Amino acid sequence: MLTNVPKQVNRAARMTVIRHPNAMDCTLWRKQVNRESDATPETFGGMPTIGGAGVLDSEDEADYSYVELADAKVVFTDRYMAAQSNMIDTEDGLNYTAEPREALIECLVEPGKEGWVLPDKPMVVTCFPGNGVVVPYQIVGTTGNIEIPPYTRKYLLNPLSDSADWPVAQDGSPAPTPSNVGGWDGTDW
């Protein structure tokens with residue numbers, strides 16, 4: 001009986017995100033380790049082993065790429081405000097800290113259909129606010145409003161500032177960055 005509440009809230013949130021006037025187009029990416037296993041067993045927890053030892057996290061991997069998973073919509077649900085006492089010491093600018101932003105993300109494919117993806121950490125979300133601008137975020141956590149299974153999901157996103165962390169298109173071309181976007185219309189990768 002009570003488990004119907006989060007299911008209906010999730011359905012309403014999905015429709016809100018997809019139809020919201022402030023929703024931005026985005027793409028979900030997953031990190032893929034390119035290194036081959038050098039021992040038996042070949043995998044441990046889905047990751048290649050190093051000399052038979054399991055690798056716990058992909059953060060220390062040097063050879064990786066990003067795989068495009070799905071197109072989605074994102075709506076930021078937190079209030080955007082500067083931190084208190086944020087004046088730079090020279091008093092000629094403001095210092096905005098990179099704090100996680102709270103957002104709702106919904107895959108454009110219907111849940112349960114082929115190609116549907118449930119966003120999760122540490123996926124990368126590239127947002128397209130318009131005019132050729134691309135803003136990459138990494139999902140660093142999930143939160144919710146209802147403590148009844150199957151729960152509701154909101155995502156905590158950290159901005160990616162280093163272009164080396166941005167995803168790369170499957171054809172090997174670099175991901176769009178503020179310096180190489182130009183007249184990019186989002187259709188050529």
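For the structure, check the block above.
Counting restarts for each chain: residues are numbered from 1 in the order of the written sequence. It should be noted that, the model being predicted, local features are given only for residues of pLDDT at least 70 and side-chain atom pairs only at 80 or more, the latter also being counted only at that level, while totals for whole chains, interfaces and linings use all residues. Heavy atoms from the whole structure form the basis of all side-chain values; hydrogens and water molecules are not counted.

Summarise unusual backbone geometry; cite the residues concerned and give the values.
The omega torsion across Lys121 and Pro122 is 0 degrees, close enough to zero to call that bond cis. Numbered from the N terminus, helices here are DSSP runs of H or I no shorter than four residues, and strands are runs of E no shorter than two. Inspection of the secondary structure puts Pro122 in the loop between β5 (101-107) and β6 (124-130). Even without a glycine there, the phi angle at Tyr151 is positive, about 65 degrees. Within the secondary structure layout, Tyr151 lies in the loop between β7 (133-143) and β8 (154-159). Overall, Tyr151 belongs to the partly exposed group, its relative accessible area being 40%. Buried residues are those whose accessible area, probed at 1.4 Å on protein chains only, stays under 20% of the maximum for their type, while exposed residues exceed 50% and partly exposed ones sit between those limits.

I'd like a rundown of the pairing of strand β1 (residues 24-33), residues and numbers included.
Within β1, seven of the ten residues are buried, which leaves it mostly tucked inside the rest of the structure. Between any two strands, at least two bridges found by DSSP are needed for them to pair. Here ten bridges tie β1 to strand β4 (residues 64-76), and the two strands are oriented antiparallel to one another. Across the sheet, the residue bridging to Thr27 is Asp71, located in β4. Note: β1 against β6, five bridges, orientation antiparallel. Of the residues in β6, the one forming a bridge with Trp29 is Val124.

Report on the pattern of salt bridges, specifying residues and quantitative values.
The rule for a salt bridge is simple: a side-chain nitrogen of Lys or Arg has to be within 4 Å of a carboxyl oxygen of Asp or Glu. Following the criterion strictly, the structure yields six salt bridges and no others. Taking the shortest distance from any N to any O, the salt bridge between Arg14 and Glu106 comes out at 3.4 Å. With Arg14 in helix α1 (residues 4-19) and Glu106 in strand β5, the pair connects residues that are 92 residues apart, well separated along the chain. We note that Arg14, like Glu106, is buried. Sharing partners across several salt bridges, the network here consists of Arg14, Glu106 and Glu110.

Residue-level account of a nonpolar patch on the surface, with values.
Residues with no salt bridge and a relative accessible area higher than 30% make up the patches, which join like charges within 9 Å and nonpolar side chains (Val, Leu, Ile, Met, Phe, Trp, Tyr) within 5 Å. Each accessible area is a Shrake-Rupley result for a 1.4 Å probe, and residues are judged covered by the shown protein chains and nothing else. Nonpolar side chains collect at one region of the surface, where Leu2, Val5 and Val9 lie side by side and expose about 240 Å² of accessible area between them. Positionally, Val5 belongs in helix α1.

Can you explain the sheet that holds β7? Please cite residues and give values.
Sheet architecture is closed into a barrel: six strands sit in the order β1-β4-β5-β8-β7-β6, paired in antiparallel fashion. On average, each strand axis in the sheet is inclined to that of its neighbour by 50 degrees, with strand direction left out of account. The pairing of β7 with β8 spans six bridges and is antiparallel. Across the sheet, the residue bridging to Gly141 is Leu156, located in β8. Any two residues whose heavy atoms approach within 4.5 Å are treated as being in contact. Axis definition: a line fitted to C-alpha atoms, limited for helices to the stretch in contact. Angles are taken between N-to-C directions and run from 0 to 180 degrees. Here α1 sits on the sheet and contacts β4 and β5; the angle it forms with β5, its principal contact strand, is near 95 degrees.

If you had to explain the packing of aromatic side chains to someone new, which residues and values would you point to?
Aromatic rings considered in pairs are described by the distance between their centres and by the relative angle of their planes. Each Phe, Tyr or Trp ring (for Trp, its six-membered ring) is paired with any other whose centre lies within 6.5 Å, and the angle between the two planes then decides the class: stacked below 30 degrees, edge-to-face above 60, tilted in between. In this structure the tally under the stated criterion is one aromatic pair. We count a charge as sitting over a ring when the NZ of a lysine or the CZ of an arginine lies within 6 Å of the ring centre and within 35 degrees of the ring normal. Just above the ring of Phe76 sits the side chain of Arg101; from NZ or CZ to the centre is 4.5 Å.

Give a detailed account of the pairing of β7, specifying residues and quantitative values.
Of the strand pairs in this sheet, β6 and β7 are connected by five bridges, and their pairing is antiparallel. The residue bridging Thr126 from the neighbouring strand is Pro136, located in β7. Once β6 ends, the chain turns through two residues before running back antiparallel as β7, passing Asn131 with a positive phi of about 55 degrees.

Account for the nonpolar core, with residues named and values stated.
Here, the term nonpolar core denotes a set of buried Ala, Val, Leu, Ile, Met, Phe, Trp, Tyr and Cys residues that are joined through side-chain atoms within 4.5 Å. In terms of nonpolar packing, the biggest core is built from 18 residues, with Val74, Phe76, Ile105, Val125, Cys127 and Leu157 touching the most fellow members. Among the secondary structure elements, those contributing two or more residues to this core are β1, β4, β5, β6, β7 and β8. Counting residues per element, this core draws most heavily on β4, which supplies four residues.

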